[in-house]
Amino acid sequence: YNMTIYRDELDEALAKASTENKTVIIAMVNKAYVEGDKSMLDLFLDGFWLGEDTRRLRNHLLIVAADQTSFERCKFLHLHCYKLETEGVEFAGEKIYMSGDFIKMMWRRTLFLGTVLKYGYNFIFTDTDVLWLRNPFPILSQDKSIDLQISTDRFNGNQWSESNLINTGFYMIQSNNKSIKLFDTWYARKDSSPGLKEQDVLLKITREGLFKRLGLRVRFLDTLYFSGFCQDSRDVRNVSTVHANCCRSISAKVTDLTSVVHDWKRFKNSGANNETANFAWSKHRACANSWKH
């Protein structure tokens, strides 16, 4: 007998983007992230082109589109795309940090990513305001006993310390019963956490000891490798990703991430190690100013 395996659209999209060990890189966009003179999505993809050993990773990138415009843009760019349907909610425009719609969108993302785990896929989730300058897989532990590896706004020096300030803009998670339970518990706190974004709630339940109760092994990522505007990497020779965190608007993120691209090109073109000693990241002025409006 010829057996036909029927897949739904999500399973099909995940299977196309997946590595051999069922790992997918997932990023989420809406209309505001694909439009403009230089869109956030375009800048994000530039990172894969300019980074070290990152071009092939684009084959394992799944773009989750929150509206029709971003879905069409994704298809135009010949990426792996999935249209996320959300009944009764319009996610097309820019969602300013901590606005009501921003918080709703973050929770919708959490619900979706929990579903991906239930489909049996491990994933790296990355915000599109994260530049991938080097392939992060060699720096991320391949130890299957580590369930979650998550970026931090500020790293306290201890990769196992739950007092690190987590950032949900970049993390790698294994699909297993523990991680699925984590996402179910996390999402269940949505309605009892008014005014809090999902990252705040995850930090809260971490402090309450949920990781230990679930038996989750969690590694907190050093900003030396997985940096951001809150805390720059100390060494351009080691940095893997740069996140435009501690920033309020898309336009400010694009401006300052463009400066990061220029910094990266300057470093790559210098060739000599003595240039590295004098290397300094550009100031994140647009992001600093974004809080004044």
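Everything here concerns the structure above.
Residues numbered from 1 in each chain as written. Predicted model: local features only at pLDDT ≥ 70, side-chain atom pairs only at ≥ 80, totals over all residues. Heavy atoms only, no water.

The next subject is the layout of surface pockets. A volume near 200 Å³ is recorded for the second largest pocket. Every residue lining the second largest pocket is listed: Glu 9, Glu 12, Ala 13, Lys 16, Phe 71, Lys 75, Leu 79, His 80, Cys 81, Tyr 82 and Lys 83. Sorting the residues of the lining of the second largest pocket by element identifies α1 (9-17), α4 (68-76) and β3 (80-83) as the ones contributing at least two each. The residue makeup of the lining of the second largest pocket, split by class, is five nonpolar, one polar and five charged. (1 Å grid on protein atoms, 1.4 Å probe; cavity = no way out; pocket = protein on both sides within 12 Å on 5 of 7 lines; lining within 4 Å. Points joined across faces, edges and corners; volume = space filled by probe spheres on them. Helix = DSSP H or I, 4+ residues; strand = E, 2+ residues; numbered from the N terminus. Nonpolar A, V, L, I, M, F, W, Y, C, P; charged D, E, K, R; others polar.)

Here the focus is the state of the cysteines. Formally, a disulfide is one covalent bond, and it connects the sulfur atom of one cysteine to the sulfur atom of another. The full count for this structure, using the stated rule, is three disulfides. Residue pairing for Cys 74: its cysteine sulfur links by disulfide to Cys 81, the two sulfurs lying 2.0 Å apart. Taking the torsion about the sulfur-sulfur bond, which here is approximately -95°, the covalent link between Cys 74 and Cys 81 counts as left-handed. Exposure class is identical for Cys 74 and Cys 81. Each is buried. A sulfur-sulfur distance of 1.9 Å marks the disulfide that ties Cys 230 to Cys 246. Looking along the S-S bond of the Cys 230-Cys 246 disulfide, the torsion reads about 100°, which is the right-handed sense. Placement of the pair is Cys 230 in the loop between β9 (226-228) and β10 (241-243) and Cys 246 in the loop between β10 and α9 (250-270), with a sequence separation of 16 residues. Residue classification places Cys 230 among the buried residues on the basis of a relative accessible area of 9%. (Disulfide = S-S within 2.5 Å. Buried < 20%, exposed > 50% of the residue type's maximum accessible area, 1.4 Å probe, protein only.)

Read from one edge of the open sheet, seven strands run β3-β2-β1-β4-β7-β6-β8, paired in mixed fashion. Edge positions in the sheet fall to β3 and β8 (218-220), since each of these pairs with one other strand and no more. On average, each strand axis in the sheet is inclined to that of its neighbour by 30°, with strand direction left out of account. Bridge count for strand β1 (residues 23-29) against strand β2 (residues 61-65) is five bridges, and the pairing is parallel. Note that in β2 the partner of Ile 25 across the bridge is Leu 61. (Pairing = 2+ DSSP bridges. Axes fitted to C-alpha atoms, helices over the stretch in contact; angles between N-to-C directions.)

The subject of this paragraph is the pairing of strand β4 (residues 122-126). Most of β4 is tucked away: five of the five residues are buried. For β1 and β4, the ladder comprises four bridges, and the chain directions are parallel. By the bridge assignment, Thr 23 is partnered in β4 with Asn 122.

Hydrogen bonding along the main chain pairs the strands of a sheet, whether they run parallel or antiparallel. Reading across the sheet, the three strands line up as β5-β10-β9 and stay open at both edges, with mixed pairing between neighbours. In this open sheet, the two edge strands, each paired with only one partner strand, are β5 (130-132) and β9. Between one strand axis and the next, the sheet turns by 20° as a mean value, whatever way the strands run. Looking at chain direction, β9 and β10 are connected through three bridges and run parallel. Bridge pairing links Ser 227 to Val 242 in β10.

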